[in-house]
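Observations on the three-dimensional arrangement
Next come the chains, spelled out residue by residue.
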Amino acid sequence: MTKALEGVRILDFTHVQSGPTCTQLLAWFGADVIKIERPGVGDITRGQLRDVPNADSLYFTMLNHNKRSLTLDTKNKKGREILEELVKICDVMVENFAPGVLDRMGLTWERVQELNPRIILASIKGFGPGPFEDYKVYENIAQCAGGSASTTGFDDGPPTVTGAQIGDSGTGLHLALGIVTALFQREKTGRGQKVLAAMQDGVLNLCRVKLRDQQRLAHGPLKEYPQYPNGKFGDAVPRAGNASGGGQPGWILKCKGWETDPNAYVYFITQAPVWKDICTVIGKPEWITDPNYAKPEARLPHLKDIFATIEEWTKTKTKFEVMDICSEHDIPCGPILSMKEIAEDQALRETGTIVEVDHPERGRYLSVGNPIKLSDSVSEVKRSPLLGEHNEDILRNVLKFDDRTVLEALESGALGAAPSIAAK
Ligand code: COA
């Protein structure tokens, strides 16, 4: 079976998390991703949060599968020449440097287009054009600036960031879509273009329901929020705790064992069409006809009590028992799964969403595989490259350098010290 992006060559100038997420996805779909790294140092994440001494960290290995690594000092004359040769033969160049870095390297958009008018230059920046455009940005800054932190957490607590990396990985996903869209348009125009995904914009896109609620506030209180009916609403969307972001009220409820297990909880949604079943299951058949509970609108002022009553029932069952009983009645609910439970989940392993990968320095480790499944494109997960592992491979087989030119490149110091493992 072929791979969807076979034949697409990517000059991967990304580092840390946001950019590497994007290029890893493209590599899983079959693109040839050549990661440029600083000689001797590499992507800073290789050495961050290390668990195994002298081995690439999980931070790096889990974000750089299926790529080749070329070490190149782009501030060295020869290194810059090699970089430009790569620009000429790649379809896409992806970068997430701080604003201005690429220009200082001499790779302005004008220069890039001069070298290759078909190339797509895809960038992640913290902010789009505006007062903050020159700022450096990391995950949590994006979560704060994109509206996520102000709307996450409980009303009586501080703004809260989420564990999901919506700023980094979320923006990487947005950029990947921008890249394949630009590749599709190039089929018709023959031209490359710039693609920009700003992290603030990406987070805001994922928070659009909160911008929806900001406008609804002008027309009265947000009745599905826990602040209703007794709490106060200000002029900005408040934090809604665990309330559902949609039209069906939901909350996280304790299950059997909650006293000792921090994840013995279930997310329970009081979906209107199955209200009768919910009442029957939890032993409150009188709520089916009681005018204070029978209709969704009538229930809104009592949501707190309703969930407290349902919780009295869920506390008598494990989260999986609650799931089983509810699914028989089509009542939507979901277990709060710990990372340990997810790591051990057989079904996720069978679909390739959780994969075991071998690595020469660190041995076997778990990773998240490609979460997007195509029926006509295989997606294998290959280990991340060692630093500079593919130096010679790329000089010879991608740039088609002859022996003399390879030697010249290696001796110039542009690629740093010779790689420790031969290219495969
Ligand atoms: N050879 C020589 N120099 C290299 C190089 C190479 N192969 N690769 C990078 N460099 C240099 C750059 O030229 C730059 O030098 P300069 O500042 O003298 O021009 C320098 O390395 C640092 O790059 P920078 O991107 O500024 O790294 P940083 O560690 O200072 O900042 C971020 C990191 C993430 C804050 C910043 O890159 C950023 O804001 N990126 C955009 C938003 C983003 O993606 N954030 C999320 C990251 S998960």
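Reference entry: report on the structure contained in this document. (Residues numbered from 1 in each chain as written. Predicted model: local features only at pLDDT ≥ 70, side-chain atom pairs only at ≥ 80, totals over all residues. Heavy atoms only, no water.)

1. Digging into the sheet that holds strand E9 (residues 333-335)
Sheet architecture is open: three strands sit in the order E7-E8-E9, paired in antiparallel fashion. The open sheet terminates on both sides in strands that have one partner only, identified here as strand E7 (250-254) and E9. Neighbouring strand axes in the sheet, compared pairwise and without regard to direction, differ in orientation by 20 degrees on average. Here strand E8 (residues 265-269) pairs with E9 via three bridges, running antiparallel. What sits directly across from Tyr267, in E9, is Gly334. (Pairing = 2+ DSSP bridges. Helix = DSSP H or I, 4+ residues; strand = E, 2+ residues; numbered from the N terminus. Axes fitted to C-alpha atoms, helices over the stretch in contact; angles between N-to-C directions.)

2. Points about the sheet that holds strand E1 (residues 9-13)
Strand order across the open sheet formed by six strands is E3-E2-E1-E4-E5-E6, with parallel pairing between neighbours. Looking at which strands have only one partner, the edges of the open sheet turn out to be strand E3 (67-71) and strand E6 (194-198). Across the sheet, the mean angle from the axis of one strand to that of its neighbour is 20 degrees, orientation sign disregarded. Sheet topology note: the strand E4 (residues 92-95)/strand E5 (residues 120-125) ladder contains four bridges and is parallel. Pairing of Val92 across the sheet is with Ile120, part of E5. The strands touched by helix H16 (residues 391-398) are E1, strand E2 (32-37) and E3; relative to E3, the strand with the most contacts, the crossing angle is about 100 degrees. (Contact = heavy atoms within 4.5 Å.)

3. Quick look at the site of the ligand
Near the ligand lie 23 residues; those nearest to it are Ser18, Leu72, Ala98, Lys136 and Val137. In the environment of the ligand, an oxygen atom lies 3.1 Å from a nitrogen or oxygen atom belonging to the side chain of His15. Here Asn96 contributes a backbone N or O atom positioned 2.9 Å from a nitrogen atom of the ligand. In isolation the ligand has 940 Å² of accessible area, and contact with the protein removes 84% of it. Tallied by class, the residues present in the shell around the ligand amount to ten nonpolar, six polar and seven charged. (Near = heavy atom within 4 Å. Polar contact = N/O pair within 3.5 Å; in protein donor to acceptor, adjacent residues only side chain to side chain. Areas by Shrake-Rupley, 256 points an atom, 1.4 Å probe, with all protein chains shown as cover. Nonpolar A, V, L, I, M, F, W, Y, C, P; charged D, E, K, R; others polar.)

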